[in-house]
Every structure is written in C-alpha cells, then in structure tokens.
Amino acid sequence: MIAGRRPNLSLIAVAVVGLALLIALPIALDLYTLLQITLYTIFAILALSLAFIWGYGGILCFGHSAFFGLGAYAYGVATINMGESTGPLVLAILLPAALAAGLGYFMFYARITDVYVGVITLTVTLIFYNVVNSTAGADYHIGQALLGGYNGIPNIPSLNIPFNPDDTLEPEGMFVLCMGLLLVTYFGLHGLLATRFGRVLVAIRENEQRVEFLGYDARLHKLVAFSIGGGIAGLAGCLFASWGNYVSPGIFSVVQSAQIIIWLMVGGAGTLLGPLISAVALSWLTVELGKQQLVNAGAVLGAILLVFVLLVPRGIAPMVTERLVPWLWARRRSALVPGDLAQESKA
Amino acid sequence: MDLAIVVAIDFLYAIATLMLISLGLAIIFGMMRIINLAHGEFMVMGSYSAAVAVHHDVNIWLAILVVPPLAVGIVGMIIERLIIRHLYGRMVETMLATWGLSLFIVGVLTMIFGNITEGLPTPLPGIRIGAYQTSGYSLFLIIFSLAVVFGVFVILRATRLGLLARGTMQNPEMAAALGTDTSRIYAATFAFGAALAGLAGGVLAPATGVFPTIGGSYIGRAFITVIGGGAAPIVGTASASTLFGIINQIATFATNPVYGEVALLFAAIILIRVMPQGITGRYLRGSL
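These figures come from a predicted structure and were not determined experimentally. (Residues numbered from 1 in each chain as written. Chains lettered and ligands numbered in written order. Predicted model: local features only at pLDDT ≥ 70, side-chain atom pairs only at ≥ 80, totals over all residues. Heavy atoms only, no water.)

Our next topic: the environment of Ala-131 of chain B. Residue and element names in this part refer to chain B. Looking at the secondary structure, you find Ala-131 in the loop between strand S1 (126–129) and strand S2 (132–135). Looking at Ala-131, the relative accessible area reads 63%, which means it is exposed. Sequence separation of Ala-131 and Leu-3 is 128 residues, and the distance between their C-alpha atoms is 8.5 Å. (Helix = DSSP H or I, 4+ residues; strand = E, 2+ residues; numbered from the N terminus. Buried < 20%, exposed > 50% of the residue type's maximum accessible area, 1.4 Å probe, protein only.)

Right under this line is the structure:
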C-alpha cells in the first residue's frame, strides 16, 4: 500500500542479480575465490539477522555473537555425535532462537530498553566466552564431542544432503546453499516486514508507548522478532562451522559482536540490502588487510565505525537512496528538460 | 586466624580492583551520561605508558602513579575534542563511537608493541601472615584504591572545580548563565575520568602484565559495575563493586576463577533486570 512501485522494482533487481550470481559464480570463479565468497554470504546472513532486530525492531543487541556462536557450537557438537547434519542444522537454528526467546522474555517483559538491553546481551556473550574458553581437557565433552576450550572443536563434518551422511556438500554445493539461504533470508525478512507483524514491529521502534496505547503487545512483538533474529544468526553460525569444519571460542568474543555492528552501521540500520552489501565488502576488506603486516585490521575497522558514527550516522544505504539517487534523477531531469523544450519549439 | 586474614585480603582485593577499574568509567557515566567503551583501552594505554617509563629508567613508583594519569588524561582531552564533543546527549552513538575507538586503539597498540605480554617489576616484596604468604603489592592496591575513591570524593565534594562540575552536570544552561564555561568543564571531566582509567591501568600493570587486548577483560566488568551502581558515580561504584566483588570471590572459592567471573556476570544481569537504574537509582538517589 505504502510501498509503491519503486521498492518492488528494486526487489526484482535484487532477485535477478542474486540468482545470476548463484548460477554464474560457481562456473566463473576458481575454488579458492568461491570459498571466500561463500564465507562472505554467511556473514551477510548474519548481518541480516542483526539488521532485522536492531534496524527494524530497535533492539540494541550488543552481543549478537552469542547466537552466532551458539549456532556454530550446537551444529559442531550435534553433528559429531549424530554423524549426520540434518538434525544438527535444525538444532543450530532452534537453540539460539530459544536462547533469544528466553533472554527476550527476561528483558522485554521487565521493560528493559535501550542501552540496558545492550549491557545484558553483551554480558551474556562474555559469559559464553568465559565458559567455553575454560572447557579445555578431556573432562569437558558433550557426547563424543570434546569442547576443547580455547583450542575449539576441529574436524566438524560438513553439511550433507539431508539424511544421507555419505553425500557431503562439495564447495560448489556449499556456495549454492549459502547463497540460496541468503536470498531466502533476505526475501523472507522483506516479506515478514510487509506483514502486519512487521509493521507493528517498526512502529514499536518508532514509538513503543504509542503502539501500546493502540492495544498491541510490544513485549511479545519484540520477543518474537528477537527469537527470529537469534535463529537466523544461529543458522549463519551453523553454516560457518560447516564451512570451516572448525569453531573456536573466539566466535563469542566482543570483537566478533563489534564486527556485526560495524557491518550494520556502515550499511545502514533500517535497511536490509545495506548491511548485506557492507558485510560482504567489509569481510573482503578484513581478509585483504589480514594479508599484509603494515596496518592492523582491527584498527581500520575501528576507525571505520568511528568515522561512520560521526559523519554518516545513518549508514551508506539511506545516503544512496535518499541523497544520491534523487540527485542523479534531478541531474537527468535538468539535462533532459532543455532538450525537450528545444524539440517542442521545433515542432 | 591467619587463614581468615588471607581470605579477607582476597575479598578486599577483588572489591578494590573492581572499584579501581570502574571509577574512571563511573565518573564519565555519572557526570556526563556517556558510556566510554574505550575505557579498557584507556587503562591499557596507562599500563603501556608505565611500561615505557620503566624502560626509560624512570622510578617505578613515578612510572605507575604519575606518568599514566598524565599521559591518558591528555589523550582523553584530545579524544573529547575530536569525538565525544559531537555526540553529547546521544548515548547509543557515543557507545558505538567509543567501541570503534577501542578497536582502533587495540589495533594501534598491537602495531606499536606487538602481540606480546610486557611484564613490569612488582615494587613491593611478599608478606608473611603466619603460615601463609601474601603479596605486599595486593595490600598496597587495596589501600591505594580506597585512597583514590576517597580522593575523588573530596575533589568532587569539597573543591571549587568539583562544585562547578556538579553544577554543570545538573543544569548546564543555568551553570552557563552563571558564567561557567560548560564546554571546558565537560572536557575537564572527561579528561579526569580518562586520567583515572590511566592510573588504574598503571597501578594494575605490575600485577597483571600488559598486552594490547587486555582491555577487553576489564571493560566488561567495569561496564556492568557502573551500570549496576547507577547514576551516583562514587557511592554507586563502591556499592556495586562490593556486591560483585563478594559474589566473585565466593564463587571463585567454591569453583575456580572462571566461574567466579561468570557468577559476577550472572549477578550483574539479574541486578540490571531487577533495577535497571542501578543500586543508587533505587535507594540512594541524588548521592554522589
């Protein structure tokens, strides 16, 4: 209704480009580059999950890596025990979603808002980091899976074709799966935001009190949104563990949480495409910076966050859609108008 | 009896260090409603300035007590000018900006000093209590922390500068109308908080060693102590440190230091859920 023709056009454009990449990249690229891009798509899914709960739900989750890490560990532990990846994949989504639901109930039903949500989520991440870090040694295991403490869990099996443990995904298949899931997540969240639930959620971000006056239960909406975001982050964690066949407690670190927030802030909170693209771009930048010794990657990312908060507080995407595009339109129009007039005067 | 004394020292040490690492953050949060997530890195800069001073043959006491607050105070003043000034009244943006700053400082320190642990000599010998051996430096840290907290209280309460600062925080327009240069007061307050962070980093350096990412282990604890304490910087920090310090030590004795830290974090989550405004927001409103 409010969304006119233009957003639909841009959605179609994203779908076309996404499908084109999905088909073309495995053919066009060498294996190493394809593996890297698979990782970027996983991070893009992770960025989307935070874009949904922070950018649209207004929930300042400072410890998003808790869900990402829990998904990765859940997948790792479950798949080592079960020797098959279908159940673990589901578990890696449900467990972080359940954690988010519990945490959301704990916070939102006590009317905890703003910065305090940030404090609590960050603290939860610190708890995970401390606990998992201390699980070195043979005493700490879940089933057959040794937790490994700061060494992490190596040799996590890759995802396989459902219920067929011998048929694990090749890198090409893994790319198609991750890219496909990225598109599903993107369009799924878009669809969700167009529903009544999504609109109430955005209204809560704008003014929680008014929404409650109108009779909606803001707490429940935030709780559901938070769980969905947690589940998607868990999915990204599962893909990450399967991609690298490895997971370590570093996944729970504060730096990891900061990284997700940087993707969001640079891309633009309040959009989905912005964080998606900036997650890919900044992950690429991080990998490139890691290849040289001169400049520390953390210093660059920190400086980027700092500059964006100070100078481009709304991120790149709103700047492109609200400033650059109208400006280009205005230029084209002003370039066209004299020509049109000239033609008319001839006629 | 000897055991009781040693245990008491452990508890006091936990409380005192918590107080010491939180105080600078608490001043900045309580007075200016700003959460400085680069606080841990301010402490690390303090530790490194002490280490560099020791390497240049500065007296150890001078290196840990005088150099760090001066160095970090100046850095704080510059950062207030460049970054914080533009974000007053926007708490979330300030947190994000200082988070970026913290990553930046960690990166720069890693580039300068490398990812290795730098040790500082402990300037005090161990002390025997009956059959037990305890660190003399721990005792010094306990007394020193209390002295710092008391000193800050006196500065805020009894000096003209403290009065101007408190007035500016309560009602900036009125303070400005009465002729106070509020922007300088803000800068001075932030620099003061930064200097306290530097001091904490300096005196803790001999006990913990220094490496670029150690700030990460401070910021979590300092952050929740300050939020748990609430708006009043000194009473809040003291009460929250005492509560969390005791919980931390009990859990440490019962299990191990890792679960001591975890118990502290759990306690903080529950405290924030029950009292989002912190201990002083609930019980000791309007205190310092």
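All right, on to the pairing of S1 of chain B then. Residues and elements named next belong to chain B. Bridge count for S1 against S2 is four bridges, and the pairing is antiparallel. Across the sheet, the residue bridging to Ile-129 is Tyr-132, located in S2. The antiparallel hairpin formed by S1 and S2 contains two residues in its connecting segment, where Gly-130 sits at a positive phi of about 55°. (Pairing = 2+ DSSP bridges.)

What follows covers the state of the cysteines. Residues and elements named next belong to chain A. Scanning all chains against the criterion turns up zero disulfides over all chains. In this structure Cys-61 is a free cysteine whose sulfur lies 19 Å from that of Cys-238, the closest cysteine sulfur available. You can call Cys-61 buried: its relative accessible area is 0%. Cys-178 carries a free sulfur, and the closest cysteine sulfur to it, the one in Cys-238, is 8.9 Å from it. (Disulfide = S-S within 2.5 Å.)

This paragraph deals with the side chain of Thr-94 of chain B. All names here are of chain B. Take Thr-94: it is sitting in helix H5 (residues 91–113). Looking at Thr-94, its side chain comes within polar contact range of the main-chain oxygen of Arg-90, at 2.5 Å. Those residues in contact with Thr-94, other than ones at most four positions away along the chain, are Ile-34, Ile-35, Ile-84 and Leu-87. (Polar contact = N/O pair within 3.5 Å; in protein donor to acceptor, adjacent residues only side chain to side chain. Contact = heavy atoms within 4.5 Å.)

Turning to helix H9 (residues 218–244) of chain A, a few remarks are in order. All names here are of chain A. Between its terminal C-alpha atoms H9 stretches 39 Å, which fits the 39 Å expected from 27 residues at 1.5 Å a residue. Among the residues of H9, the N-terminal cap falls to Asp-217, whose side-chain oxygen and the backbone nitrogen of Arg-219 are separated by 3.2 Å. Of the residues one or two after H9, Asn-245 is the one with positive phi, at around 55°. (Expected span 1.5 Å × (residues − 1).)

This part is about the interface of chain B and chain A. Opposite the 37 residues of chain B that make contact, chain A presents 39 residues. In total, chain B and chain A occlude about 3,300 Å² of area from one another, counting both sides; carbon and sulfur atoms represent 84% of this. The largest per-residue losses of area from chain B upon contact with chain A belong to Leu-96, Trp-99 and Arg-273 of chain B, which jointly make up 22% of the total buried on that side. Taken together, the connections running from chain B to chain A amount to zero salt bridges. Summed over the shared surface of chain B and chain A, the number is one residue pair in polar contact (both at pLDDT 80 or more). It is H5 of chain B that contributes the most residues to the side of chain B that touches chain A, 15 residues altogether. Its residues placed into classes, the side of chain B that touches chain A shows 28 nonpolar, six polar and three charged. (Buried area = accessible area lost by both parts, 1.4 Å probe. Salt bridge = Lys/Arg side-chain N within 4 Å of Asp/Glu carboxyl O. Nonpolar A, V, L, I, M, F, W, Y, C, P; charged D, E, K, R; others polar.)

Residues and elements named next belong to chain A. Phi at Arg-111 takes a positive value of approximately 60°, unusual for a residue other than glycine. Checked against the element boundaries, Arg-111 lands in the loop between helix H4 (86–108) and helix H5 (114–133). The exposure class assigned to Arg-111 is partly exposed, which follows from its relative accessible area of 44%.

Let us look at the confidence of the model for chain A. When pLDDT is averaged along chain A, the result is 89; 95% of the residues meet or exceed 70. Model confidence for chain A, summarised as mean pLDDT per element, is weakest for helix H13 (residues 316–346) of chain A at 71 and strongest for H9 of chain A at 96. (pLDDT = per-residue confidence, 0-100.)

Following the criterion strictly, the structure yields 20 aromatic pairs over all chains and no others. When the ring of Tyr-73 of chain A is compared with that of Phe-252 of chain A, the centres are 5.6 Å apart and the planes differ by 20°; the resulting orientation is stacked. You can see Tyr-73 of chain A sitting in helix H3 (residues 65–82) and its partner Phe-252 of chain A sitting in the loop between H9 and helix H10 (254–267), a full 179 residues away along the chain. Side by side, Tyr-73 of chain A and Phe-252 of chain A carry an identical accessibility label, which is buried. Ring centres of Phe-42 of chain B and Phe-190 of chain B lie 6.3 Å apart, and the angle between their planes is 90°; on these two criteria the pair is classed as edge-to-face. Of this pair, Phe-42 of chain B sits in helix H2 (residues 39–55) while Phe-190 of chain B sits in helix H9 (residues 182–208), and the two are 148 residues apart along the sequence. The two residues Phe-42 of chain B and Phe-190 of chain B agree in class, both being buried. Among the aromatic residues, ring-to-ring pairing joins Phe-43, Phe-68, Phe-240, Trp-243 and Trp-263 of chain A into one connected group. Above the ring of Phe-29 of chain B, the side-chain terminus of Arg-33 of chain B is found at 4.5 Å from the ring centroid. (Phe/Tyr/Trp six-rings, centres within 6.5 Å; stacked < 30°, edge-to-face > 60°. Lys NZ or Arg CZ within 6 Å of the ring centre and 35° of its normal.)

For the rest of this paragraph, the subject is a negative patch on the surface. A contiguous patch of negative charge, built from Asp-166, Asp-167, Glu-170 and Glu-172 of chain A, is present on the exposed surface. One can find Glu-172 of chain A in helix H6 (residues 171–194). (Patch = residues over 30% accessible without salt bridge, like charges linked within 9 Å, V, L, I, M, F, W, Y side chains within 5 Å. Areas by Shrake-Rupley, 256 points an atom, 1.4 Å probe, with all protein chains shown as cover. Lys, Arg positive; Asp, Glu negative; His and termini not counted. Charge placed at Lys NZ, Arg CZ, Asp CG, Glu CD.)

Assignment of secondary structure puts Phe-175 of chain A in helix H6. Through-space distance from the C-alpha of Phe-175 of chain A to that of Asn-296 of chain A is 29 Å; in sequence the pair is 121 residues apart.

A surface patch of nonpolar side chains, about 440 Å² in accessible area, is lined by Ile-316, Val-320, Leu-324, Trp-327 and Leu-328 of chain A. Its place among the elements puts Leu-328 of chain A in helix H13.

Let us now look at the packing of H4 of chain A against H9 of chain A. All names here are of chain A. Interhelical geometry of H4 versus H9 gives an angle of 150° and a closest axis separation of 7 Å. As summarised for this structure, H4 and H9 are arranged roughly antiparallel, according to the angle between their axes. In this structure, the crossing between H4 and H9 has a hand that is right-handed. The segment H4 lies against H9, with Leu-89, Ala-92, Ile-93, Pro-96, Ala-97, Ala-100, Ala-101, Leu-103, Gly-104, Tyr-105, Met-107 and Phe-108 engaging Arg-219, Lys-222, Leu-223, Phe-226, Ser-227, Gly-230, Gly-231, Gly-234, Leu-235 and Cys-238. Residues that form the contact of H4 with H9 fall into these classes: 15 nonpolar, five polar and two charged. (Axes fitted to C-alpha atoms, helices over the stretch in contact; angles between N-to-C directions. Parallel < 35°, antiparallel > 145°, perpendicular 65-115°, else oblique. Left-handed = near helix turned anticlockwise from the far one by under 90°.)

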